[in-house]
Every structure is written in structure tokens, then in C-alpha cells.
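Structural description and commentary
Residue strings, one per chain:
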Amino acid sequence: MIEDIKNIKPIYPCEPWSVTEEKFDIENNYRNETIFVLSNGYIGMRGTFEEAYKMEKGFGMEGSFINGFYESEKIRYGEMAYGFAEKTQTMLNVANAKIIKLIVDGEEFSIFDGTLIESKRMLDMKNGVLTRSVLWATSKGKTVKIESTRIVSLTNKFAAAIKYSVTPVDFDGEISIVSKIDGDVINNTAENNSRIDYGPYGRVVLMEDAVVENNFSAIKQKSKNTQIGIVTAMRNDIDFDANTENVKDEYSVATELSFSAKKGKAYTLTKYFTYVTTRDFEENALFDSAKNILAELSKGGFSAIEESQRAYLDEFWQNANIEIDGDDMLSQGLRWHMFALLQSPGRDGQTSLGAKGLSGEGYEGHVFWDTEMYVAPFFNFEYPEIAKNILMFRYNTLEEARKRARVLSVDKGCCFPWRTINGEEASAFFLAGTCQFHINADIAYAVNQYVTVSEDYDFLADYGAEILIETARFWCSFGEYVDYKGGKFCINGVTGPDEFAVLVNNNCYTNMMARENMKYAVKAVSYLKENMPEKYAVLAKKIGLEDSEQGDWQKAIDNMYIPYEDKLGIYPQDDSFMSKKRWDIENTPFSEFPLLDKHHPIIVYRHQVSKQADFVLAMFLLSKYFNKEEMKRNFDFYETVSVHESSLSACIFSIVANSIGYYDIAYKYFMTTSRLDLDDYHANTNAGYHCANMAGTWMSMLFGFGGMRINGDELEFAPVLPEKWNSYKFRILFKGRLIEVFVDKNGVQYRVINGEPIAIKSFGEDIVIFP
């Protein structure tokens, strides 16, 4: 259900470039751990405190994650069938390296003991750091000021650091600082997710070795089944004299720094730490690699990491910032969404972006379709290099997708997994997993959009075309020409984006996107033949591409069956959707939602009710095929049968509502996405980011209010200004230009910030915009 958010008060102070926790409240702690996540696409750290408290269930969860470090176990089925996914894949909670404990005259600092006089934390989105300031008194009344700055480098994937200062406010005395790495960690996935009954249970990151020498401490561990080795290491630099004691036990290493402190003087520890795995280094070189990384970080100092971070973010915000005059809370929410998105994807082509990034254990770290459908567009237009790396993950797992297609009796092409970390299918529920074959077309859509926006034709030739061809091959083999449907090309036994309608025939979204997928393949092959014949010849030989296949794709394109209801003038979601009894959404008590948590799946599946945008999503992605009146009729119908139980839904309804002139409805949907995690609309921010919703907010701004579309190779805009705003401005990268769009009550202005003039369409009119 779409929430009424009018009465929801903002949780955090309205600040343009930061998010601040003004005081500590245990009731808010679990949520704040997500809000204050720092990550760089490789290392992810929840916003837990340096003291590493063991929180009771429901009040917090320690979490440090490495993208691509996962465990796998056999899936236990009550009844097994051929082709079911065989193994789980679960992103693992790794050693906690950010631990710093403070002892003041024998009393350990704790926010739960002594007197917490002041406590403030702030996520600085311009500088990419999390700062903390605490004023605390011991039980004996001795007061210390604690200040820390935490950073996970966006320019060095192996680098993280904490600058930690303590100042005795009203005493001279003995102080100890303990810097620690704790490898005694487990996952909480099974405990927190009632829909699964498999692990990993208990400790599956096994201890192998520990090193403590001079100013280098590290532990080596290995995942139990996947056998991925990992070393977590630290170096502690101080600006004061101290007695140093290094300690190691069964699962941890620590360095204790003890000194006599003087009133009013600040004592600063700079802790550098890193994670290195056998995915990047030889196992026998892990310790040395970690030591070298830390030595380089120390050589440059904390300020060098800060400066590099600031420069990186300056460039990012120069391109990506969205300015809204008239709603400061919305501006803050948008920036936090974009900052969180920037932190989340892998940048090495071997890893991608899970549904919750590296912010928590939710969805086990799995990559879904929403990475390409929702998140990739953000990076296509704001940071194309990251978009390319997201697509390279799919290319680098293409062989696993080919194998999956063979399991499904598809003799040519590939079938990408519904949920995965390593490229293999990990979904144990095939009806709402493997059956969502539309993921092939979704990935193809992302490839085509990336190439169109970036003009990276080398990527198309070397990688993208192969994805387009193999996904097109899948449709030709999986679909069939059906006499009963007038000889049309049908795709039966699928699940579309709406997971309440499973194993249906001719899901309209799937058929339309499959048709588009095959068009992309035809276009790519034609382009390579004409412009890169040598690379085309290499590709054709590699994958055994025959000239006749283009004709096969074109025949399927020309004959694709698209369901249509003449009487109502709408596109049914699938062949059976209109024959089902409509769910009485209006008279269903709020307590009965989410529907699948309160009703047997069969009951939901046999009703006319949609979990999320399905055909409405097709109208957005493929808007060139629909006129305004068609879109209105279909929007009106699907709005009455949709319950929006996915955070992926509201943004799409907002975009389409804007395009048909339903501006108030568009704004209502948009506002439910704009601060969903920041103000905890669904009361589940504690589990981690809703990355697709974050990207959906950006999409609602540019594709919705900005009216942005790509038609062929041409950029189009039809902006609208919400009544509550005075103006807004955004920038995008397109075909080597940085383009700015400014909208206010007087109209719209376009400008090329960097690059050559370019022809676009504005409200259907051809214009040229200049620097």
C-alpha cells in the first residue's frame, strides 16, 4: 500500500549536505547503523560504534562486508526437482576492524555506563566521512572529550581509516586506547528472515592464522565451503608517547596503548585498516599485500585519504547534484540517496551491486534485476564507468548463464540468474525466481542504454554485443509460434515483475522487453558488421553465430504476441489476468498487508492484484510505442489493482503519471520514495538500504519531472514544475557532454556545461543547445 506520509515527521535535522544524529537513543540505534553506513563497493561498514557493543536483538547488528566474499551451502528442499537451484550464496559478515576501546583510569568508556553528557554523529556527504563527538564522564566524574572521523576510501578500494582523538577535560590521569580486530563473527540472515531455513549457521569464517609484529597486526581467515581466504589487518599511528602491548587470542588481535594524559591535551590515534582476499591476491601473499597497503596509507597520512575523498566527491557532485528550490528536506533526501548509491557497487567487473549494497545482510547480498533496471540508469547518466563495471559483472558471469539455459532445455543462448553473487542461480523459489526470465531483457536494456549514452562502441564490440546476442538467442529458443494465437510468437510459463502472477503465459512486459532485446541484437550485429568487421568476425567465430540467426530474431520481433483487451482498450498483464477475480484492495484491512505474509500464495496468485509496477513499467521503458490516451487508460486500470508492496513500484507510477498529466498523483507517489529509508517509512531501514528505491527517486526526478527520454539516439525532455517548488536543476552526461537542465516558473533552460553543441527535443520541438 502507498503510505500517507503527510504526518510523518523528518527524523533528522534538515541540512543540505549532511545527516546528523543529535543525541544517542538506543531505540533509534539499529536504524542509524544503516543511515551511517560507509562503503566503497568493496568494503562496507555499518554505522556501529567503535566500542563494538553486543546489542540485544532488535537494537543493533554489527556488520562489516566485503563484496564477493560469500559462503555457499546446499539448499534443503522438502521436495527436490530437476533444475532447482542447488546452493545458497550468502554475503558474509567479516572481521570487525574498526574497534577502538577507551579506558579512563581503569574504567572502560561506554555510552551505557558513566554519564553521557553529549553525543553527536554526522555523515558528511561532501567529504565522504562519518564524524563523531562525545563528551563523557566516568562514574568518578572524570570527563573526556572523544572525537573521531571515519572514512572508507572511494579512490582506493582496500583503504579504510579512523582518526580518533581523546582529550581529558578536567583531570590528569592514566588512559589506555585499545585498537582491535575481532574475527569472532557470524551471520544473522537465517535468524532475521522467516522465509528461509538454511544457513549459514554459526561460525563459517574460520580462523587460520594471526600476526602481531611491530606496527602491523592481522588475522587470516577462510570461508568454510567456498574457501575464499581473507586477511584483515591494521596499523596504529599515534602522535604521543605510549607503552605499547600487542595481544592476540583465538579470534582477535589487539594493540593496547597506555599513557599518562594531561588535562586539556588531545591525544590522537590514526588507525588504518584493510581487507584483502584471494579474489585479488595469491593466498601466500595476503599478509605482505596487507602490510604494503597499510604502509602506503600511513606514508600519505590521514589527510591524504581525506583530500582524495574530497576531490572524488567534488567531481561527482559537480555532475550529479540535483538542486530543488522549495523543499530542503527533499534535497537532503535525494543527496543521501545518491551518496548511498555511489558507495554501493563493485567497481572491478567481478562484483556488482546487491539489493542492499553493502549496508546489511538483507537479501543475502544478492544481485537482482533491479541493479540493471533501476540503478544502472543512474550511473549511465552520472558516472558511466561504474555503469560499465556493473555490466561487466554480467559479461564475466555469462558462462554460468549459458549453463543455466542448458539446464532449462534451451539449446542456444543464456539465462541470467534471478538472484546471485557468483553468477549461478541462488533462488530457491523458482516461481518468483528463475521464472522471471525478463531479467535477460532487463540486462539487454541496460547494455543498450549504456552504449547509447556513452558511445562506448568498443564495449559493445568486446562485451556488450555478446550479451545482446546470447539473450536474444534465449528468446528464440524458449518462445514458440502458437497456432492458437494466430501463429504469433508466444513466451509461455513466465513470471513478470509482478510476483503475484506466477508461471503465466505471455506476460506483456516480458514479451515487449524480449522483442526489444532481439531488436538490440539485430542492431548490434548490423553495426559491428558495418563499422567493426574484424571484431565482428572474431565474435561470430567465438560464439558460433550464423547469418541466419538475425533472420530468426527479426521473425520473432515481427510476430511477437502482445495481449490486448479491445473492450477496455488496455494491455492485459498476461493471458489470464483479466479472467481472475479482482482483490478488494479498498476494503482489505491494513493489517492484512503484505498479502503474502497473511495469505497462502495460491490465494494471492488466483486473484487480479499486482504486487508492483509491471505493465506500467513497460509503458515507461518503452514509452515510444504508446500514445497519451493509451497510457492513461492503462494507468487508470493498473492503479486500481496495484498494492505497491515493493519499493520498486511507486517511482514507476510517479514517472508515468507525470507523462500523462496526472501531476498531483505523480507527486504523491514521488514523495513516498524520496525519504523512504531516511525517515524509515517502512520501519525496516535497520535491515539496510533499498538501493532500487534510491535510484527510483533519481529516476522520478529526471524521467518523471524532467520528462527525459531517449528515443533512438536522441535525447528528449518535457519538464514539469511541481507546484510546491520554485525551481529545480539537474545535470547529466550524454554522448560526451555534460548537460544542465534548469526549470522554473518561467520555463526551461538547457545548457551544455562541457562539450560540443547537441541537438535534442524539447516538448517535441527540435532544438540545439550550446555551451
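Conventions we followed
- Residues numbered from 1 in each chain as written.
- Predicted model: local features only at pLDDT ≥ 70, side-chain atom pairs only at ≥ 80, totals over all residues.
- Heavy atoms only, no water.
- Pairing = 2+ DSSP bridges.
- Helix = DSSP H or I, 4+ residues; strand = E, 2+ residues; numbered from the N terminus.
- Axes fitted to C-alpha atoms, helices over the stretch in contact; angles between N-to-C directions.
- Core = buried A, V, L, I, M, F, W, Y, C linked by side-chain atoms within 4.5 Å.
- Buried < 20%, exposed > 50% of the residue type's maximum accessible area, 1.4 Å probe, protein only.
- Contact = heavy atoms within 4.5 Å.
- Phe/Tyr/Trp six-rings, centres within 6.5 Å; stacked < 30°, edge-to-face > 60°.
- Lys NZ or Arg CZ within 6 Å of the ring centre and 35° of its normal.
- Arc of directions from axis to C-beta.
- Salt bridge = Lys/Arg side-chain N within 4 Å of Asp/Glu carboxyl O.
- Polar contact = N/O pair within 3.5 Å; in protein donor to acceptor, adjacent residues only side chain to side chain.

**Quick look at the sheet that holds strand β24 (residues 709-711)**
If you trace the 4 strands from one edge of the open sheet to the other, you get β24-β25-β29-β30, paired in mixed fashion. Looking along the sheet, the strands with just one partner apiece sit at the ends: β24 and β30 (765-769). Each strand axis lies, on average, 40° off the axis of its neighbour in the sheet, ignoring direction.

**Description of the nonpolar core**
Counting 233 residues, the largest nonpolar core has Leu 102, Trp 369, Tyr 374, Ile 652, Met 701 and Ile 732 as the members making the most contacts within it. Examining the composition of this core, we find that 12 residues originate from one element, helix α11 (residues 508-531), more than from any other. In this view, Trp 369 contacts Tyr 374, Trp 418, His 438, Ile 439, Asp 442, Pro 497, Tyr 509, Gln 612, Leu 617 and Leu 648; residues no more than four positions away in its chain are not counted. With 8 residues, the next largest nonpolar core counts Phe 500, Trp 583, Val 609 and Val 643 among its residues.

**So, the packing of aromatic side chains**
Per the counting criterion, the structure on display carries 57 aromatic pairs. Plain terms: the ring middles of Phe 259 and Tyr 267 are 4.8 Å apart, the flat faces sit at 35° to each other, and that makes the pair tilted. Across this residue pair, the class does not change: Phe 259 and Tyr 267 are buried. On the numbers, 5.9 Å between centres and 85° between planes, the contact of Trp 698 with Phe 703 is edge-to-face. Take Trp 698 and Phe 703: they sit in the same class, and that class is buried. These aromatic residues form a ring-pair network of at least three members: Trp 17, Phe 316, Trp 317, Phe 378, Phe 379, Phe 381, Phe 620, Trp 698 and Phe 703. For the cation-ring pair, Arg 335 lies above Trp 17, with the distance from its terminal atom to the ring centre recorded as 4.1 Å. Stacked on the ring of Tyr 669, the Lys or Arg Lys 668 has its end atom at 4.9 Å from the ring centre.

**Topic: the pairing of strand β6 (residues 96-104)**
Burial analysis of β6 places 8 of its 9 residues in the buried class, the great majority of the element. Where β6 and strand β12 (residues 173-182) come together, 7 bridges link them in antiparallel fashion. Within the sheet, the bridge partner assigned to Asn 96 lies in β12 and is Asp 182. As defined by bridge partners, β6 adjoins strand β7 (residues 107-108) across 2 bridges and the pair is classed as antiparallel. Within the sheet, the bridge partner assigned to Val 104 lies in β7 and is Glu 107.

**Considering helix α12 (residues 533-543)**
Along α12, the residues classified as buried are Tyr 536, Leu 539, Ala 540 and Ile 543. Along the long axis of α12, the arc covered by the buried residues comes to 100°, so they all point the same way. Facing away from the buried side of α12 by more than 90 degrees, the exposed set consists of Glu 534, Val 538, Lys 541 and Lys 542. Those residues of α12 that are buried lie in contact with α8 (398-407), α10 (457-478) and α11.

**Section: the sheet that holds strand β26 (residues 727-734)**
Judged by pairing direction, the sheet is antiparallel, and its 4 strands sit side by side in the order β19-β26-β27-β28 without closing on themselves. The open sheet has two edge strands with one neighbour each: β19 (323-325) and β28 (747-754). Each adjacent strand pair in this sheet contributes to an overall mean axis angle of 15°, direction not counted.

**Quick word on the pattern of salt bridges**
One pass over the full model with this rule turns up 41 salt bridges. A salt bridge links Lys 535 to Asp 458, with the shortest nitrogen-to-oxygen separation between them at 3.6 Å. One end of the pair, Lys 535, is in helix α12; the other, Asp 458, is in helix α10, and 77 residues separate them in sequence. Exposure remark for Asp 458: the relative accessible area of 44% places this residue in the partly exposed category.

**Considerations on the environment of Arg 419**
Its location among the elements puts Arg 419 in the loop between α8 and α9 (438-454). As a C-alpha pair, Arg 419 and His 366 span 53 residues in sequence and 5.4 Å in three-dimensional space. Not counting residues within four places of it along the chain, the set of residues in contact with Arg 419 comprises Tyr 363, Glu 364, His 366, Val 367, Phe 368, Glu 424, Glu 425, Ala 426 and Ser 427. Of note is the side chain of Arg 419, whose polar atom sits 2.7 Å from the side chain of His 366.

**A word on the pairing of strand β15 (residues 229-238)**
Burial analysis of β15 places 8 of its 10 residues in the buried class, the great majority of the element. In the sheet, strand β14 (residues 216-223) pairs with β15 via 6 bridges, with the strands oriented antiparallel. The partner of Ser 217 across the bridge, within β15, is Met 234. Taking the residues between adjacent antiparallel strands as the criterion, β14 and β15 are bridged by 5 residues, where Gln 227 takes a positive phi near 60°.

**A look at the environment of Leu 738**
Summarising the element assignment, Leu 738 is placed in strand β27 (residues 737-744). Under the relative-accessibility criterion, Leu 738 is labelled buried at 3%. Separated by 691 residues in the primary sequence, Leu 738 and Gly 47 place their C-alpha atoms 34 Å from one another. Apart from the residues within four sequence positions on either side, Leu 738 is in contact with Asn 319, Arg 731, Ile 732, Leu 733, Arg 751, Val 752, Ile 753 and Asn 754.

**With respect to the side chain of Gln 221**
Structurally, Gln 221 is set in strand β14. Within the local environment of Gln 221, its side chain forms a polar contact with the backbone oxygen of Gly 183, the two atoms lying 3.0 Å apart. When sequence neighbours within four positions are dropped, the list of residues in contact with Gln 221 reads Ala 95, Gly 183, Val 205, Leu 206, Met 207, Glu 208, Ile 228, Gly 229 and Ile 230.

**Description of unusual backbone geometry**
The step from Phe 593 to Pro 594 runs through a cis peptide bond, and the omega angle for that step is -5°. Mapped onto the fold, Pro 594 is located in the loop between β22 (581-582) and α14 (595-598). Phi at Ala 52 takes a positive value of approximately 60°, unusual for a residue other than glycine. Here Ala 52 is to be found in the loop between β3 (43-45) and β4 (64-71). Owing to a relative accessible area of 16%, Ala 52 belongs among the buried residues under this scheme. For Tyr 363, which is not a glycine, the phi torsion comes out positive at approximately 60°. For Tyr 363, the position within the fold is in the loop between α5 (328-343) and α6 (370-382).

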